[in-house]
Amino acid sequence: MGSSDSVFRGDKTKHNPEDLLVSSLSACHMLWYLHLCSESGVIVVDYIDHATGKMAEAQNTGGKFKEVMLNPIVSVIEKSMVEKATELHIKANELCFIANSVSFPVHHKPMIKVVGNNDLKE
């Protein structure tokens, strides 16, 4: 069960609809991105996103999201994959069903890291 955000006297131990929307955008982007990387031969060994959303409150209408920023940190195994790994975020953003369904912009600011085969976690 969910709750309102703690700012609105909700239970901070439960998910709220706003966080779930941002999480859905992040997950949709990640799944498309990983699919595109797989098709392109880009080997992703780690993916973390610290997505954020900006909202504006309105007195009589509750409010709305103004934008969401995805901040994926992606680890690949070779330096030669960095350029393609960066480019594929644009295509993933275009293909994400949820991003295409919202009336506010969904931006992404990816960071690509290279971890050699010896640095991989087992």
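Residues numbered from 1 in each chain as written. Predicted model: local features only at pLDDT ≥ 70, side-chain atom pairs only at ≥ 80, totals over all residues. Heavy atoms only, no water.

Time to look at the packing of helix α1 (residues 17-40) against helix α2 (residues 82-95). In helix packing, the relevant descriptors are the interaxial angle and the interaxial distance, both defined with respect to the helix axes. Interaxial distance between α1 and α2 falls to 8 Å at its minimum, and their mutual angle equals 130 degrees. Regarding the angle of α1 to α2, the classification is oblique. Considering the relative orientation of α1 and α2, their crossing is right-handed. Between α1, through His 29, Trp 32, Tyr 33, Leu 36, Cys 37 and Ser 40, and α2, the contact on the second element is made entirely by Lys 84, Ala 85, Leu 88, His 89, Lys 91, Ala 92, Asn 93 and Leu 95. Residue composition of the contact of α1 with α2, grouped by class: eight nonpolar, four polar and two charged. (Axes fitted to C-alpha atoms, helices over the stretch in contact; angles between N-to-C directions. Helix = DSSP H or I, 4+ residues; strand = E, 2+ residues; numbered from the N terminus. Parallel < 35°, antiparallel > 145°, perpendicular 65-115°, else oblique. Left-handed = near helix turned anticlockwise from the far one by under 90°. Contact = heavy atoms within 4.5 Å. Nonpolar A, V, L, I, M, F, W, Y, C, P; charged D, E, K, R; others polar.)

Two elements, strand β2 (residues 52-56) and strand β3 (residues 64-70), share five bridges in a ladder whose sense is antiparallel. Note that in β3 the partner of Thr 52 across the bridge is Met 69. Bridge count between β3 and strand β5 (residues 106-108): three bridges; the pairing is parallel. When the bridges of β5 are listed, Leu 70 appears paired with His 108. (Pairing = 2+ DSSP bridges.)

Taken by themselves, the reported measurements are silent on function.
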